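# Coordinates in review
The residues making up each chain are set out below.
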Amino acid sequence: MRGRTQIMGSQKICFTSFFQSYLRGNIKYLYGHFSQSEPDYHCYFVTKTKLVAQYLRENGIEAYSYDDKDGYLHLLKETPVIITSELTNIDKNNELFKDKKLIQLWDEIPLQKIGHAYEKETVKGHFSGYHSVICTSKWAKETIMSHCFEGQHYPVMGCPKIDVLYRELSDFDALGVSQSAVQNCQNLVAANQKIYIYATSPQQFNQERVRSAISYFKASHAILKSYNAHIVIPFLPSLFGETVVDQQSFTNIHFESNETDLYPLLRYSSGLITDYNAIYLDYLHTNKPILF
């Protein structure tokens with residue numbers, strides 16, 4: 001990793017996650033790597049909402065919200081490198097960004113759709129204007145990234161968020177994660193129960209689709225109990241309008257906030273249930289079963 005940071009040539013790095021109102025994904029874990037293992041770098045975070053920025057500051061992370069420009073503009077002027085998970089909120093014609101190195105941290109774009117998306121004029125802003133594009137693998141670099149994204153460098157750094165599937169959770173990993181969910185998973189594993197994570201695509205959240213999925217889970221509740229199996233659903237019942245879920249009756253179905261970071265929970269899981277959320281590409285590394 002140290003050798004690959006040479007392209008940055010700076011001791012200040014701005015990490016941005018403008019489109020997120022929560023903390024998760026590659027941008028979170030790459031920030032965690034630099035801030036914890038690269039003491040020579042001054043890393044700070046710019047996120048979409050003041051609430052998330054405040055949450056990060058309360059946990060010892062230098063953070064600003066996009067709305068609070070006065071708070072970080074003076075620092076941004078002295079920051080040559082910006083690592084972002086999307087570019088549409090950065091005005092490349094603004095004098096403030098003209099001398100910046102913009103680095104795209106690829107995240108949440110399914111492999112099978114990236115080529116089609118690049119052909120659409122309305123989304124080309126996501127793929128152009130970068131100095132570097134961080135790639136997940138040599139294959140992705142040669143087959144997809146160098147053809148779709150505009151950039152001078154394509155360093156291969158893997159998926160930072162995958163690391164959390166293999167190591168003990170740190171205090172930083174726990175940020176943005178429901179502590180009750182972690183404790184619940186730990187207790188279930190200790191009791192020899194199996195945990196299956198249900199992950200639907202947040203960008204294409206469809207209440208009716210999730211309602212249907214939950215109805216299947218409820219109908220299968222007796223089977224879940226007989227196999228000592230539990231399903232964790234990252235959507236609170238309040239999101240489903242008139243759908244009523246008796247959580248006390250369905251003891252083997254657990255609802256969590258859709259803003260929680262699922263990756264620290266995946267290490268406790270026995271399998272994944274998904275409608276082709278990009279999370280499955282990472283989950284393949286675990287060699288555990290996936291139900292589509």
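Coordinates for the structure precede this section.
So, a few notes on the structure that sits alongside this text. (Residues numbered from 1 in each chain as written. Predicted model: local features only at pLDDT ≥ 70, side-chain atom pairs only at ≥ 80, totals over all residues. Heavy atoms only, no water.)

### Digging into unusual backbone geometry
Of note, the phi angle at asparagine 192 is positive, near 60°, even though the residue is not glycine. Relative to the elements of secondary structure, asparagine 192 occurs in the loop between helix H6 (179-190) and strand S7 (194-199). Looking at asparagine 192, the relative accessible area reads 64%, which means it is exposed. With phi around 55°, asparagine 228 is a residue other than glycine that occupies positive phi space. Residue position: asparagine 228 is located in the loop between helix H8 (221-226) and strand S8 (229-233). (Helix = DSSP H or I, 4+ residues; strand = E, 2+ residues; numbered from the N terminus. Buried < 20%, exposed > 50% of the residue type's maximum accessible area, 1.4 Å probe, protein only.)

### Thoughts on the sheet that holds strand S9 (residues 253-255)
Strand order in the open sheet made by the 5 strands is S9-S8-S7-S10-S11, with parallel pairing throughout. Since the sheet does not close on itself, it has two edges, and those belong to S9 and strand S11 (290-291), each with one partner. In this sheet, S9 lies alongside S8 in parallel orientation, the contact comprising 3 bridges. Bridge pairing in S9 places isoleucine 233 opposite phenylalanine 255. Sitting on the sheet, H6 touches S7, S8 and S9, and the angle it makes with S7 is about 145°. (Pairing = 2+ DSSP bridges. Contact = heavy atoms within 4.5 Å. Axes fitted to C-alpha atoms, helices over the stretch in contact; angles between N-to-C directions.)

### Digging into the packing of aromatic side chains
All chains considered together, the criterion is met by 10 aromatic pairs. Each ring, one from tyrosine 64 and one from tyrosine 72, has its centre 6.0 Å from the other, and the planes form 45°; the classification is tilted. Among the residues examined, tyrosine 64 registers a relative accessible area of 13% and is labelled buried. Overall, tyrosine 72 belongs to the buried group, its relative accessible area being 4%. (Phe/Tyr/Trp six-rings, centres within 6.5 Å; stacked < 30°, edge-to-face > 60°.)

### A word on the sheet that holds strand S5 (residues 101-105)
Reading across the sheet, the 6 strands line up as S3-S2-S1-S4-S5-S6 and stay open at both edges, with parallel pairing between neighbours. On the outer flanks of this sheet lie strand S3 (63-65) and strand S6 (132-134), each paired with one strand and no other. Pairwise comparison of adjacent strand axes, ignoring direction, gives a mean angle of 25° for this sheet. Bridge count for strand S1 (residues 12-17) against strand S4 (residues 81-84) is 4 bridges, and the pairing is parallel. Each bridged residue has a counterpart across the sheet, and for phenylalanine 15 the counterpart in S4 is isoleucine 83.

### What to know about the pattern of salt bridges
For the structure shown, the criterion picks out 5 salt bridges. Residues lysine 12 and glutamate 78 are paired through a salt bridge, measuring 3.9 Å at the closest nitrogen-oxygen approach. Placement of lysine 12 in strand S1 and of glutamate 78 in the loop between helix H3 (69-76) and S4 is noted, with a sequence separation of 66 residues between them. (Salt bridge = Lys/Arg side-chain N within 4 Å of Asp/Glu carboxyl O.)

### Some details on the side chain of glutamine 104
Position of glutamine 104 relative to the elements: it lies in strand S5. Classification of glutamine 104 by relative accessible area gives buried; the value is 2%.

### Structural notes on the side chain of lysine 161
Residue placement: lysine 161 occurs in the loop between helix H5 (138-148) and H6. For lysine 161, the side chain forms a polar contact with the side chain of tyrosine 263, separated by 3.4 Å. (Polar contact = N/O pair within 3.5 Å; in protein donor to acceptor, adjacent residues only side chain to side chain.)

### Details of H5
When we look at burial in H5, the residues that qualify are Ala140, Ile144, Met145 and Cys148. The buried residues of H5 occupy an angular sector of 85° when projected down its axis, which confines them to one face. For H5, exposure combined with an orientation more than 90 degrees from the buried face picks out Lys138 and His147. (Arc of directions from axis to C-beta.)

### Some thoughts on the environment of tyrosine 44
By the element assignment, tyrosine 44 lies in strand S2 (residues 42-47). The exposure class of tyrosine 44 is buried, given its relative accessible area of 0%. Spatially, the C-alpha atoms of tyrosine 44 and alanine 63 are 5.7 Å apart, while their sequence positions differ by 19 residues. Among residues more than four places away in sequence, those in contact with tyrosine 44 are Ile13, Cys14, Phe15, Tyr31, Glu62, Tyr64, Leu75, Leu76 and Thr79. Here threonine 79 takes part through its side chain, which lies 3.0 Å from a polar atom of the side chain of tyrosine 44.

### Observations regarding the environment of glutamate 168
By secondary structure assignment, the location of glutamate 168 is in the loop between H5 and H6. Remark: the alpha-carbon pair of glutamate 168 and arginine 267, spanning 99 residues in sequence, is separated by 9.3 Å. Those residues in contact with glutamate 168 that sit more than four places away from it in its chain are Asp173 and Arg267.

Note that all results are geometric; they support no functional claim without further evidence.
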